[in-house]
Amino acid sequence: MNNTNISFVPNVANTRDLRDAFGRFATGVTLVTVGTSQGVVGIVANSFSSVSLTPPMVLWCLDRESRRYKYFEAAEHYAIHILSSDQQDLCWSVAKDAYALRDKNLVLNAQGVPVIEDCLARFECSRHAIYEGGDHVIMLGTVDRVDMREEGEPLSFFKGQIGRVLLD
């Protein structure tokens, strides 16, 4: 086992190292959907967090340079899906193609947002605010509705790899 430590001051020349350091934080994997005039658009995001219980709020972050940015920046409503380990293929297909969900028979929620069934949890949100955050924006949403399932293992992201968390 290699226990070499790397130290650096983040700057424009070492953004890959900084990204690798951020990747040492194991996270769950979410898939965010929005309805557009071109159909459903999805994006995979691991920068998700609960913010508040009262009122119920969550946040996720989106790269301003993403080709998908315009759809989410304009959206008044979106759905955040916490993926289970059995949804790895779905995750990869959306990571590669913003329109990968078009051929799926997704149900529309009351606000017209396409939602994925059978994920670990789903947060149907209204946009509360969008904040500047360097090369990303912070999407703050009010949670309007929650669906969750009782069983299942989460899909996880660690060091650039998607995997599963084994629960005892």
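Data block above holds the structure.
Described in the following lines is the structure provided in the data block. (Residues numbered from 1 in each chain as written. Predicted model: local features only at pLDDT ≥ 70, side-chain atom pairs only at ≥ 80, totals over all residues. Heavy atoms only, no water.)

**Quick notes on the pattern of salt bridges**
Here is the rule we go by: Salt bridge, as used here, is a side-chain nitrogen of Lys or Arg placed within 4 Å of a carboxyl oxygen of Asp or Glu. Each helix is a run of DSSP H or I of at least 4 residues and each strand a run of E of at least 2, with the numbering of both proceeding from the N terminus. When a residue's accessible area, from a 1.4 Å probe over protein chains only, is under 20% of the maximum for its type it is buried; when over 50% it is exposed; and in between it is partly exposed.
Applying the stated rule across the entire model yields seven salt bridges. Put simply, Arg-16 and Asp-20 hold a salt bridge, and the shortest N to O gap is 2.8 Å. You can see Arg-16 and its partner Asp-20 sitting in helix 1 (residues 15–22), four residues apart, about one turn around the helix. We classify Asp-20 as partly exposed; its relative accessible area is 31%. Three or more residues joined by partner-sharing salt bridges are found here, namely Arg-122, Glu-124, Arg-145 and Asp-147.

**Re helix 3 (residues 88–96)**
Because each turn of an α-helix spans 3.6 residues, side chains separated by three or four positions in sequence point in the same direction. Cut-off, in case you're wondering: To be clear, the arc concerns the directions from the helix axis to the C-beta atoms. We call two residues in contact whenever any of their non-hydrogen atoms come within 4.5 Å of each other.
Among the residues of helix 3, those classed as buried are Leu-90, Cys-91 and Val-94. Each buried residue of helix 3 lies within a common arc of 100° when the element is viewed along its axis, so the set occupies one face. Residues of helix 3 that are exposed and point over 90 degrees away from its buried face: Asp-89 and Lys-96. The inward-facing, buried residues of helix 3 abut strand 2 (30–36), strand 3 (39–45), strand 11 (155–158) and strand 12 (161–164).

**Focus on unusual backbone geometry**
Glycine aside, residues mostly have negative phi angles, and peptide bonds mostly take the trans form. Residue Thr-54 is joined to Pro-55 through a cis peptide bond whose omega torsion reads -5°. At Asp-118, a residue that is not glycine, the phi angle is positive and equals roughly 65°.

**Overview of the sheet that holds strand 2**
We apply this condition: The rule for pairing is simple: two strands pair if DSSP sees at least two bridges between them. Note on geometry: axes are lines fitted to C-alpha atoms, helical ones only across the stretch in contact, with angles between N-to-C directions running from 0 to 180 degrees.
Ordered in space as 3-2-6-9-10-5-4, the seven strands form an open sheet in which the pairing is antiparallel. On the outer flanks of this sheet lie strand 3 and strand 4 (48–52), each paired with one strand and no other. Averaged over all adjacent pairs, the angle separating strand axes in this sheet is 35°, with direction ignored. Packed onto the sheet, helix 3 meets strand 2 and strand 3 and runs at close to 105° relative to strand 3.

**Some remarks on the sheet that holds strand 12**
Strand order in this open sheet of three strands is 1-11-12, and the pairing throughout is antiparallel. Of all the strands in the sheet, the pair left with one neighbour each is strand 1 (27–28) and strand 12. When strand 11 meets strand 12, the two strands line up antiparallel, connected through four bridges. Counterpart to Leu-155 in the pairing with strand 12 is Arg-164.

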